[in-house]
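What follows is each chain in one-letter form.
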Amino acid sequence: MAKLKHSRIQARKWSTFSLVLTMLFMLTVVLLMLLALGIFSLPISSDDAPPNDLITSYRRMAAKRDGDGLGKRGEQWTQILSWEPRAFLYHNFLSKEECEYLITLAKPHMVKSTVVDSKTGQSKDSRVRTSSGMFLRRGQDKTIKSIEKRIADFSFIPVEHGEGLQVLHYEVGQKYEAHYDYFLDEFNTKNGGQRTATVLMYLSDIEEGGETVFPAAKGNITSVPWWNELSECGKQGLSVKPKMGNALLFWSTRPDASLDPSSLHGGCPVIRGNKWSATKWMHLGEYNV
């Protein structure tokens, strides 16, 4: 009787062990299939960016499929710029044709940019923001939908949690002084909750100036590869030099959803050229258009 009981226990253990092995085998097969299809990729170091203590680069191995938008994008890869704030630069996020398309859509409707009054939650004119801009409707057309889907894939935030794209234009001398994208009033947080992340897409190249600068960022700000190309304003913090097609994702909140003061950022004055950009703000909850 004891032998029979022992054999049953052994059989039960063997059955559990076989089940675990089968599940591991199936998981391995699924991962291999995803790798083969290009849906999943393993990060590898970029040879184009020199190693340093601030920038880490990853190839986007599955990003070669250009059938989801206008034109053809160049090689796509992502740089980790900072962890305080969390900031990532996606190279060739948009094609040249997509940048030009957004500018063409926006040009006839540009008006003086405003800021949010932290006391009332209403928009108001301000000297700290001297650009012009306009909003596109979320899901306005096939191209906009494609870009918004790409933003959702990049940020891991659903399209429904985002505001419509805002296209901005900065002429020589125009700027946006340091500010936070998160809200300090209850009026704006009622729709979708707090702004948690921003994707800033550069639609044009800038000869000089116009950088996006994070003056409160932690880390060695001089280690960016483009440090010597920055204006004096750009050297006052962690800066990103505008380049057509690139997209900057940064988070205004920490992983625990608390506000992140290191996300303070601004747009340096344009010294030479014209700066066009498109901004997408994402919320913690679903945003009602």
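As annotated in an unreviewed UniProt entry, the chain carries the name procollagen-proline 4-dioxygenase and comes from Manihot esculenta. In its Cofactor (unreviewed entry) section, UniProt records this for the chain: "L-ascorbate". Per UniProt, the chain has the following entry under Subcellular location (unreviewed entry): "Endoplasmic reticulum membrane".

> Hey, could you run me through the pairing of strand 17 (residues 275–283) in this one?
Every other side chain in a regular strand lies on the same face of the sheet, so the side chains alternate between the two faces. When you tally the buried positions in strand 17, you get nine out of nine residues, the bulk of the element. Both strand 8 (residues 166–170) and strand 17 contribute to a ladder of five bridges, which runs antiparallel. Bridge pairing in strand 17 places His 169 opposite Trp 276. As paired elements, strand 10 (residues 195–202) and strand 17 share seven bridges and run antiparallel to each other. Across the sheet, the residue bridging to Leu 200 is Thr 279, located in strand 17.

> So what exactly am I meant to see when it comes to the confidence of the model for the chain here?
Low-confidence regions, as indicated by low pLDDT, have predicted coordinates that should not be scrutinised in detail. Confidence in the prediction of the chain, expressed as mean pLDDT, is 84, and 75% of residues score 70 or more. Throughout residues 38–53 the model reports pLDDT below 50, and contacts reaching past four residues in sequence, or to other chains, amount to 29 contacts. Across residues 60–66, where pLDDT falls below 50, the model places 20 contacts with residues more than four positions away in sequence or in other chains.

> Help me out: how do you make sense of the state of the cysteines in this one?
Covalent bonding between the sulfur atoms of two cysteines defines a disulfide. Counted according to the given criterion, the structure contains one disulfide. Two residues, Cys 233 and Cys 268, share a disulfide whose sulfurs are 2.1 Å apart. Where Cys 233 bonds to Cys 268 through sulfur, the torsion about that S-S bond is close to -80°, and the disulfide is left-handed. Of the two residues, Cys 233 sits in the loop between strand 12 (212–214) and strand 13 (238–240) while Cys 268 sits in the loop between strand 15 (265–267) and strand 16 (270–272), which places them 35 residues apart along the sequence. For Cys 233, a relative accessible area of 22% translates into the label partly exposed. With relative accessibility at 2%, the residue Cys 268 sits in the buried group.

How each quantity is defined
Residues numbered from 1 in each chain as written. Predicted model: local features only at pLDDT ≥ 70, side-chain atom pairs only at ≥ 80, totals over all residues. Heavy atoms only, no water. UniProt positions renumbered as here; feature names shortened; annotations may be inferred. Buried < 20%, exposed > 50% of the residue type's maximum accessible area, 1.4 Å probe, protein only. Helix = DSSP H or I, 4+ residues; strand = E, 2+ residues; numbered from the N terminus. Pairing = 2+ DSSP bridges. pLDDT = per-residue confidence, 0-100. Contact = heavy atoms within 4.5 Å. Disulfide = S-S within 2.5 Å.

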